[in-house]
Amino acid sequence: MPELPEVETVRRGLSPAMEGRIIERAEIRRAGLRWPFPAGLADRLTGARVERLRRRSKYILIDLDTQETILIHLGMSGRMTVSGLTAAFVPGEFHHAHPQIEKHDHVVLHMAGDVRVTFNDPRRFGALDLIATHTADAHPLLAPLGPEPLGNLFSATYLHARLKGRKGPIKSLLLDQRIVSGLGNIYVCEALHRSGIHPERAGGRIGMARIELLTTIIREVLREAIEAGGSSLRDYRQADGELGYFQHNFRVYDREGAPCPTPACGGTIRRIVQGGRSSYFCPQCQR
Ligand code: ZN
C-alpha cells in the first residue's frame, strides 16, 4: 500500500507529464472504482488544461482550469503510469511507445503532445473524484485529516498537545490520520525505532524532549524516502513509466528476527500486532 513518500513520488512523476497540458480525451473504462465515478466525468475532463498537481496526505489533487480538481487515491494496488514523450522530462534514453491498454487500466488520460497518463488498479480500492477546486479541502475524504507531517502546523508543541492525556499506544496514535495525516505503518515503525520509543508506550507519557526528537525524525524519515523516490524517477527502473514504487532500505519494518541496526545495540527486531497491524521494533533500544 503506497504511503506518503510513494504518493509524493507519483505526484512528482506526473507533474511534468500533466502540468500545462490539455486533456484531449478522457477514456473512462468502467463505472467506478471503490466508489462510482462522478457523473459526466469524461465530458468534464475533456478539453481541460491541467494547472498544477498537489498532494494532501495520500491524495493527489490535480487542479484544472475549469475550476475543478481531480482527486486520486491509489488505494491498495493503484498505479499511475506515464507513456509518450517521457524523454522530454526524464534524463536518459527513454523512448516509451504507448503500451497496450490493459484490463485494469480504468482511466486513461490522453494528454496533448501524445502523452498518456493511465490509472491502473487491479483490486479497485482506489478512488477518483472530480470536485470544485474551491471546496476541495471540505471533501469528505480530506476534511477530517490532521496536519501534514512535513508542513509547518506539525510541530513538537502541536504533537505534545494532541498526545496529552492519551493512554493509547504511540504507534496507534501516530497512525490516527486526525492527529497527523499521511503517516502509515512502515514509516511509523521506522520513526519510532530511530527515536528509541517503544511502540506500546502510552502517547501521553512521552516527555517533550522525546516528542521533539520524534517530530524531527518523522520528517527526516519521510524526506529520505521522498529523496529515494526522486532518485528512482531518474532510474532505469522507471523505464516502464510506472511511478512511485522504489527500493527501500528499512531498518526494522518487515525485519523480524534480524539484528537491530542501532550501533552497539545487540538487540533483535521483534514483531507484535497492534490494532491489527504489525509493529516491528527493537525491545533493547526502544523504551
Ligand atoms: Zn536496538
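Treat the numbers as computed from the prediction; the structure is a model and nothing was measured.

A.B. asks: Please clarify how the coordination of the zinc ion should be interpreted in this entry.
C.D. replies: Six octahedral donors around a metal ideally subtend angles of 90 or 180 degrees, whereas four tetrahedral donors ideally subtend 109.5 degrees. The zinc ion binds to the protein through Cys-260 (SG), Cys-265 (SG), Cys-282 (SG) and Cys-285 (SG), with metal-donor distances spanning 2.2 to 2.3 Å. What the four donor atoms of the zinc ion show is an angle range of 103 to 115 degrees at the metal, which sorts the shape as tetrahedral. Every donor residue of the zinc ion comes from the same chain, spaced as C-x4-C-x16-C-x2-C. Taken together, the positions of Cys-265 in the loop between helix H6 (208–233) and strand E9 (270–274) and Cys-282 in the segment after strand E10 (277–281) put the pair 17 residues apart, joining distant regions of the chain. In this structure, Cys-265 and Cys-282 share a single accessibility class: buried.

A.B. asks: Is there a simple way to explain the packing of aromatic side chains in this structure?
C.D. replies: Within a pair of aromatic rings, the relevant descriptors are the distance that separates the centres and the angle that separates the planes. Following the criterion strictly, the structure yields four aromatic pairs and no others. Measuring from centroid to centroid gives 5.6 Å for Phe-250 and Tyr-253, while their planes differ by 75 degrees, and the two rings are edge-to-face. Relative accessible area serves as the criterion here: at 23%, Phe-250 is assigned to the partly exposed category. Centre to centre, the rings of Tyr-253 and Tyr-280 are 5.3 Å apart; their planes meet at 70 degrees, and the pair counts as edge-to-face. A residue pair is termed long-range when its members are at least 10 positions apart, and Tyr-253 in the loop between H6 and E9 and Tyr-280 in strand E10 qualify at 27 residues.

A.B. asks: Honestly, helix H3 (residues 156–163) in this entry has me stumped. Any pointers?
C.D. replies: Those residues of H3 not exposed but buried are Ala-156, Tyr-158, Leu-159 and Leu-163. Buried residues of H3, viewed axially, fall in a sector of 160 degrees; they line one side. Those residues of H3 that are exposed and aimed more than 90 degrees away from the buried face are Thr-157 and Ala-161. Just beyond H3, the residue with positive phi is Gly-165, at close to 75 degrees.

A.B. asks: In this structure, what is going on with the sheet that holds strand E6 (residues 105–111)? I would like to understand it.
C.D. replies: Think of a sheet as strands paired side by side through backbone hydrogen bonds, with each pair either parallel or antiparallel. Reading across the sheet, the four strands line up as E1-E6-E7-E5 and stay open at both edges, with antiparallel pairing between neighbours. In this open sheet, the two edge strands, each paired with only one partner strand, are strand E1 (23–28) and strand E5 (79–83). Along the sheet, successive strands turn relative to each other by an average axial angle of 15 degrees, direction set aside. Alignment of E6 against strand E7 (residues 115–120), held across six bridges, turns out to be antiparallel. Within the sheet, the bridge partner assigned to Met-111 lies in E7 and is Val-115. Where helix H1 (residues 4–18) meets the sheet, it contacts E5, E6 and E7, and its direction lies at approximately 35 degrees from that of E5.

A.B. asks: Just to check I follow, could you spell out the nonpolar core for this structure?
C.D. replies: If you look at soluble globular proteins, the nonpolar side chains tend to sit buried side by side. Ranked by internal contacts, the top residues of the largest apolar core, which has 31 residues, are Leu-14 and Met-18. At five residues, the largest contribution of residues to this core is made by H1. If near-sequence neighbours (up to four positions away) are discounted, Leu-14 is found in contact with Leu-53, Ile-60, Met-80, Val-82, Val-117 and Leu-243. Counting residues in each nonpolar core, the second largest holds 26 residues, with Phe-154, Ala-156, Leu-159 and Ala-225 among its members.

A.B. asks: Is there a simple way to explain the pairing of strand E4 (residues 68–73) in this structure?
C.D. replies: Where a strand is regular, its side chains alternate between the two sheet faces. E4 sits mainly inside the fold: six of its six residues count as buried. Here E4 shows no split at all, with Glu-68, Ile-70 and Ile-72 on one side and Thr-69, Leu-71 and His-73 on the other all buried. In the sheet, strand E3 (residues 59–64) pairs with E4 via five bridges, with the strands oriented antiparallel. Bridge pairing links Ile-60 to Ile-72 in E4. The antiparallel hairpin formed by E3 and E4 contains three residues in its connecting segment, where Gln-67 sits at a positive phi of about 65 degrees. Where E4 lies against strand E8 (residues 127–132), six bridges are found, and the strand directions are antiparallel. Counterpart to Ile-70 in the pairing with E8 is Leu-130.

A.B. asks: When you look at the environment of Ser-155 in this model, what are you seeing that I'm missing?
C.D. replies: Counting through the fold element by element, Ser-155 comes out in the loop between E8 and H3. The sequence separation of Ser-155 and Leu-214 amounts to 59 residues, and the corresponding C-alpha distance is 9.9 Å. Sequence-distant contacts of Ser-155, that is, excluding residues within four places in its chain, are made with Thr-215 and Arg-219. From its side chain, Ser-155 meets the backbone nitrogen of Tyr-158 in a polar contact 3.1 Å long.

Conventions used here
Residues numbered from 1 in each chain as written. Predicted model: local features only at pLDDT ≥ 70, side-chain atom pairs only at ≥ 80, totals over all residues. Heavy atoms only, no water. Donors = N, O, S within 2.8 Å, 3.2 Å for Na, K, Ca; no water. Tetrahedral: all angles 85-135°; square planar, octahedral: opposite > 155°, others 65-115°. Helix = DSSP H or I, 4+ residues; strand = E, 2+ residues; numbered from the N terminus. Buried < 20%, exposed > 50% of the residue type's maximum accessible area, 1.4 Å probe, protein only. Phe/Tyr/Trp six-rings, centres within 6.5 Å; stacked < 30°, edge-to-face > 60°. Arc of directions from axis to C-beta. Pairing = 2+ DSSP bridges. Axes fitted to C-alpha atoms, helices over the stretch in contact; angles between N-to-C directions. Contact = heavy atoms within 4.5 Å. Core = buried A, V, L, I, M, F, W, Y, C linked by side-chain atoms within 4.5 Å. Polar contact = N/O pair within 3.5 Å; in protein donor to acceptor, adjacent residues only side chain to side chain.

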